[in-house]
Structures are given as C-alpha cells and as structure tokens.
Amino acid sequence: SPSTANAEFSVSAFRALSTEHIWAMEAPLRDAQWRSLYGLSYPVFTTVVDKLKPYITQSQLSLPSDYAVAMVLSRLSHGLSAKTLASRYALEPYLISKITNMITRLLATKLYPEFIKIPVSRRRLVETTQGFQELTALPNICGAIDGTAVRLHKLKSDIINPSMYYSRHGFPSILLQVVADHKKIFWDV
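Residues numbered from 1 in each chain as written. Predicted model: local features only at pLDDT ≥ 70, side-chain atom pairs only at ≥ 80, totals over all residues. Heavy atoms only, no water.

Caption draft 1: Examining the pairing of strand 2 (residues 173–180) more closely. In the sheet, strand 1 (residues 144–151) pairs with strand 2 via eight bridges, with the strands oriented antiparallel. If you follow Asp146 over to strand 2, its bridge partner there is Val178. Taking the residues that link successive antiparallel strands as the turn, the strand 2-strand 3 (residues 186–188) hairpin has five residues, and the phi of Lys184 there is positive, at about 70 degrees. (Pairing = 2+ DSSP bridges. Helix = DSSP H or I, 4+ residues; strand = E, 2+ residues; numbered from the N terminus.)

Caption draft 2: Region of the structure containing the pattern of salt bridges. Scanning the entire structure with this criterion turns up four salt bridges. Here Arg124 ties to Asp181 by a salt bridge, and the two come within 3.4 Å at their closest N and O atoms. Placement of Arg124 in helix 7 (residues 122–136) and of Asp181 in the loop between strand 2 and strand 3 is noted, with a sequence separation of 57 residues between them. One salt bridge connects Glu127 with Lys183, and the closest N-O pair in it is separated by 3.3 Å. Here Glu127 is found in helix 7, whereas its partner Lys183 is found in the loop between strand 2 and strand 3, with 56 residues between them in sequence. (Salt bridge = Lys/Arg side-chain N within 4 Å of Asp/Glu carboxyl O.)

Caption draft 3: Summary view of the sheet that holds strand 3. The strand order 1-2-3 describes an open sheet built from three strands, whose pairing is antiparallel. In the strand order of this sheet, the two ends are held by strand 1 and strand 3, each with one partner. Looking at each pair of strands side by side, their axes are set apart by 45 degrees on average, direction ignored. (Axes fitted to C-alpha atoms, helices over the stretch in contact; angles between N-to-C directions.)

Have a look at this one:
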C-alpha cells in the first residue's frame, strides 16, 4: 500500500511543476511540455480545472482538483492503466478508477454541453448517426470533431498576455474547433 508520504510528495511535485517551474518556461515550450503530459495546453488545463472545481469540491475528494484532473487527463491521453497510474501517483488502483470515473463523468455532463453542441432536431441527429454508421460501420456517432491553429499575422499591442496566443507550433494563433456531420457540414464552430 502506498504511504501517505509518497502521496504527499506526488501532490507537492505536481504543485511545483504546475506553479513555479511551469511559469519559468517560455509559453510555447511550457504548452508543449504540458501537452505531452496531459494532452492539452496549460491555459486550457486551468480552464478545465476552474470549471470542474466546484463539482470536485462537492464530491469531497481528498485530492486537490487540479491534481485529480491532471491524473485523469494523463490516463486518457496516454491510455495508461489504473495500475500504472497508481504506482506513478502513489495511490491505490481502485482510487484511480474511482477518480477517473468521476472526472470523465463531470467532463461529459458539465463541460461537454458547454463546448460541443449537437443537433437540436431529433430527425437530424438520427440522420447524422445513421450516416456515420453507413460510412464507418461504427454505431452512435453523431459528429466528427477536429481542431487547428489559425495563424494570427499581427497581435494587437494592448493584449495583456500575448504568450497565450502562441500555439504548440511556435506561432501566434487562435484555436479553431469544428464539429461536422457525416456530409461534412459544420454544425458547431
């Protein structure tokens, strides 16, 4: 059984990475490192944590919200098993599974509706689902999602934090996320 000291060390190590060390790096390098660890940039990570924090706090989880979200994102982005994550984060595998279930459920119920809009019409939803099934032979797909960095040629001089606009590719950009139906028609941008 992992000791409490190891768990505390893991939380402290995460705190150090996510506070002092991460802000000492240049934005593109910081985001590239964060992306490689958790599958998304640091600013997006903090947004996700801020939006989920009230719900995680209500659950009375004994771990800090950002630590729990980071652990689950690490698991999802790298396909790690509960056993692997348990040794890495000094927690029991059953606890990793419980936290993963809770965070993914919150992502699906609290964040998904805010960021991904599905067709309101039942007819269009059924048509799209059937269209994807004919194309892919996979059931219950109601949209294809993708994103890209759209290059900004010039940043305004009054922007407070210009480093937030730098993509992992090293140029200033904004992220474009699109959801399309089986006919490649955008229904959420």
